[in-house]
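Results of the structural survey
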Amino acid sequence: MPPRRRHELPPTAGLPLRPGDLRPGAPTLAAVIAAQLGTPPLQLECSGTACLLIALTTLSALQPTRRRVVVPAFTCPLVAIAVHAAGLELQLCDLRPGHHDMDPVALRAACDERTLAIIPTHLAGRVADVGDALAVARNVGARVIEDAAQALGARRDGGSVGMTGDIGFFSLAAGKGLSIYEGGLLLAREPELRERLARTAARIVPNRIGTEWRRCIELLGYAALYRPAGLRLAYGRPLRRALRRGDPVAAVGDDFPLTIPLHRVGRWRQDVGAHAAVRLPAFLDQLSAQAQRRLPRLRRIPGVRVLGDPPDAQGTWPFLLLLLPDRQHRDAALAQLWSSGYGVSRLFIHALPDYAYLEEMVAAQDVPQARDFAARSLTVSNSPWLDDEDFETICRTLEAVLA
């Protein structure tokens with residue numbers, strides 16, 4: 001077993017905040033990011049989940065007879081919570097074997113005249129096959145919402161993800177590249193749809209000063225502790241406590257509340273994000289270069305498969321998503337690395353039907369490929385704080401486990 005690191009590495013590569021980012025006064029955050037991505041105007045909300053709820057509420061008003069939302073069976077539990085909060089019906093779609101994309105055959109079987117929206121997911125910064133989802137949606141009269149929560153800055157055919165479908169959204173949560181602790185950015189291709197999204201938000205999102213003050217305090221804590229010395233307290237200790245009591249769902253933070261907090265983002269947090277966003281393109285380039293250096297080393301390990309992008313896409317690299325041959329080898333690797341401070345973790349613990357706390361909103365369903373993906377996957381941080389020596393320790397551990 002590798003020695004435990006003195007300082008904790010994060011499981012994802014977030015952009016560290018600097019003291020100068022905390023000063024008030026800056027261009028509008030949504031405008032800064034839209035200019036960087038080359039997208040139409042973006043709509044800032046309090047979380048990526050809030051963005052999804054606003055999108056679903058808007059589409060439901062446009063097509064009230066359609067109630068089904070098709071999602072990958074392996075995705076963030078917050079997606080299921082948002083669908084339920086919108087008063088809609090969740091329809092799961094199994095994955096392609098050994099891949100995060102929805103299976104084309106299963107997707108066509110899941111969609112019909114009752115389908116309101118399909119939600120392809122750019123998982124772990126990897127670019128999804130939105131084109132297939134769009135073809136299916138157009139055939140049945142549905143819409144496509146791109147879940148790009150983990151892919152701010154990813155591109156396909158030179159354009160930002162989120163622009164192929166009808167609606168897209170990004171997350172600004174803690175550790176997800178650019179962060180204002182909690183936040184989200186919503187976009188739509190059609191001007192009329194953008195106006196409808198804005199009207200929906202104005203109608204359902206309240207101005208809760210107390211909630212925003214709490215987020216400001218949490219953002220200050222994030223600015224102070226999102227570094228290796230502080231992460232042992234903020235991330236490492238809670239992680240190890242959860243693992244000791246046998247609660248992997250809590251260990252990765254999959255235990256979400258069943259209600260979605262809605263409030264308006266205050267000006268100061270927007271200023272912090274706008275100041276930090278100036279460094280975001282260079283930071284994403286740094287992460288991409290580091291990933292490209294390290295991917296060949298991982299791919300030389302027999303039994304390791306690293307998820308990548310289609311030839312016409314350039315994803316982001318908050319972490320590296322790996323598949324091991326089976327659950328036993330994956331669990332053996334995690335037993336040595338998960339609690340040792342090297343930034344090795346899991347993405348989501350289960351396929352959606354297997355979260356006990358979601359049983360009221362996710363119907364039981366046979367989704368073998370999603371369950372296989374959950375059983376064999378692990379993540380390796382791509383943080384710049386993970387130096388070459390630590391990365392080699394991870395690789396040697398994987399080699400020993402798989403041997």
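Please read these numbers as outputs of a predicted model, since none were measured by experiment.

Parameters and conventions
- All chains use their own residue numbering, which begins from 1 and follows the written sequence.
- Per-residue local features are limited, in this predicted model, to residues with pLDDT of at least 70; the limit for side-chain atom pairs, both in listing and counting, is 80 or more; totals at the level of whole chains, interfaces and linings are taken over all residues.
- Excluded from the side-chain calculations are hydrogens and water; all other atoms, namely the structure's heavy atoms, are used.
- Definition used for salt bridges: Asp or Glu carboxyl oxygen within 4 Å of a side-chain nitrogen of Lys or Arg.
- Helix and strand labels come from DSSP, where a helix needs a run of H or I of at least four residues and a strand needs a run of E of at least two; each type is numbered from the N terminus.
- Residue exposure (1.4 Å probe, protein chains only): buried if accessible area is under 20% of the type maximum, exposed if over 50%, otherwise partly exposed.
- UniProt positions are given in the numbering used here, feature names are shortened, and annotations may be inferred rather than shown by experiment.
- Throughout, a contact is declared for two residues whenever any of their heavy atoms are within 4.5 Å.
- The criterion for strand pairing is that DSSP finds at least two bridges linking the strands in question.
- Axes here mean lines fitted to C-alpha atoms, for a helix over just the part in contact, with angles spanning 0 to 180 degrees between N-to-C directions.
- The cut-offs work like this: below 35 degrees is roughly parallel, past 145 is roughly antiparallel, 65 to 115 is roughly perpendicular, and the gaps in between are oblique.
- Each crossing gets its handedness from the near helix: less than a right angle anticlockwise from the far helix is left-handed, clockwise is right-handed.
- Any residue outside Ala, Val, Leu, Ile, Met, Phe, Trp, Tyr, Cys, Pro, Asp, Glu, Lys and Arg is labelled polar, Gly included; the first ten of those are nonpolar and the last four are charged.
- To pair, rings of Phe, Tyr and Trp, with the six-membered ring standing in for Trp, must have centres within 6.5 Å; the planes then decide the type, stacked if under 30 degrees apart, edge-to-face if over 60, and tilted in the middle.
- Each ring is checked for a lysine NZ or an arginine CZ that lies within 6 Å of its centre and within 35 degrees of its normal; such an atom marks a charge sitting over the ring.
- Cysteine sulfurs are considered disulfide-paired once they come within 2.5 Å of each other.
- Orient the strands so they point away from the viewer, and a crossover whose first-strand-to-second-strand path over the helix runs clockwise is right-handed.
- Note on terminology: a nonpolar core comprises buried Ala, Val, Leu, Ile, Met, Phe, Trp, Tyr and Cys residues joined through side-chain atoms within 4.5 Å.

Concerning the pattern of salt bridges
Scanning all chains against the criterion turns up 28 salt bridges. Residue Asp354 pairs with Arg371 through a salt bridge whose shortest N-O separation is 2.8 Å. With Asp354 in the loop between strand S13 (344-345) and helix H13 (368-376) and Arg371 in helix H13, the pair connects residues that are 17 residues apart, well separated along the chain. Between Asp366 and Arg371 there is a salt bridge, with its nearest N and O atoms 3.9 Å apart. Classification of Arg371 by relative accessible area gives partly exposed; the value is 28%.

Description of the UniProt feature "active site" (unreviewed entry) in the protein
Feature annotation in UniProt assigns "active site" (unreviewed entry) to the following positions: Lys176. Along the chain, the position of Lys176 falls in the loop between strand S8 (167-171) and strand S9 (184-188). For Lys176, a relative accessible area of 32% corresponds to the partly exposed category. Among all residues touching Lys176, those that are not within four sequence positions of it are Ala149, Gln150 and Ser171.

Here we look at the pairing of S9
With respect to burial, S9 is a largely interior element, five of its five residues being buried. Alternating residues of S9 divide into Gly184, Leu186 and Ala188 and Leu185 and Leu187, and every residue in both groups is buried. When strand S1 (residues 43-45) meets S9, the two strands line up antiparallel, connected through three bridges. Note on S9: the bridge partner recorded for Leu44 is Leu185.

Points about the packing of helix H2 (residues 48-62) against helix H6 (residues 191-204)
In helix packing, the relevant descriptors are the interaxial angle and the interaxial distance, both defined with respect to the helix axes. Where H2 contacts H6, the axes come no closer than 9 Å and their chain directions differ by 110 degrees. Taken together, the axes of H2 and H6 lie roughly perpendicular to each other. Both H2 and H6 take part in a crossing whose hand is right-handed. Residues Ile54, Ala55, Thr57, Thr58, Leu59 and Leu62 of H2 lie in contact with H6, whose contacting residues are Leu193, Arg196, Leu197, Thr200, Ala201, Arg203 and Ile204. Of the residues assigned to the contact of H2 with H6, the class counts are eight nonpolar, three polar and two charged.

A few points about the packing of aromatic side chains
For the structure shown, the criterion picks out six aromatic pairs. With centroids separated by 5.1 Å and ring planes inclined at 50 degrees, the aromatic side chains of Phe74 and Phe373 adopt a geometry described as tilted. With Phe74 in the loop between strand S2 (68-72) and helix H3 (77-85) and Phe373 in helix H13, this residue pair connects regions lying 299 residues apart in the sequence. Assigned by exposure class, Phe74 and Phe373 land together as buried. Joined through ring pairs, the aromatic side chains of Tyr181, Tyr222, Tyr226 and Trp385 make up one cluster. In this arrangement the basic side chain of Arg126 is found over the ring face of Trp317, its NZ or CZ atom lying 3.5 Å from the centre.

Some thoughts on the state of the cysteines
Within the structure shown, the criterion is met by zero disulfides. Not part of a disulfide, Cys51 finds its nearest cysteine sulfur in Cys46, a span of 7.9 Å. The class for Cys51 is buried, based on a relative accessible area of 0%. The structure places no disulfide on Cys76, whose sulfur is separated from the nearest cysteine sulfur, that of Cys51, by 13 Å.

Let's talk about the pairing of strand S4 (residues 115-118)
Pairing of S2 with S4, which is carried by three bridges, proceeds in the parallel orientation. Each bridged residue has a counterpart across the sheet, and for Val69 the counterpart in S4 is Ala117. Pairing between S4 and strand S5 (residues 143-147): two bridges, direction parallel. Residue pairing in the sheet places Ala117 in a bridge with Arg143 of S5. Following the backbone out of S4, through helix H5 (residues 130-140) and into the adjacent parallel S5, one traces a crossover that is right-handed.

A short note on the sheet that holds strand S14 (residues 377-381)
With antiparallel pairing, the four strands of this open sheet are ordered in space as S10-S12-S14-S13. One side of each edge strand has no neighbouring strand; the edge strands of this open sheet are strand S10 (305-306) and S13. Bridging between S10 and strand S12 (residues 319-323) involves two bridges; their strand directions are antiparallel. Paired with Val306 across the bridge in S12 is Leu322. Against the sheet, helix H11 (residues 280-299) makes contact with S10 and S12, and its axis sits at roughly 20 degrees relative to S12, the strand it touches most.

Notes on the nonpolar core
Ranked by size, the top nonpolar core spans 129 residues in total, and within it Ile33, Ile145, Leu178 and Leu322 carry the most contacts. Top element by residues in this core is H2. It accounts for eight residues. Residues contacting Leu322, with those up to four places away along its chain left out, are Leu298, Val304, Arg305, Val306, Arg376, Ser377, Leu378, Val380 and Leu398.

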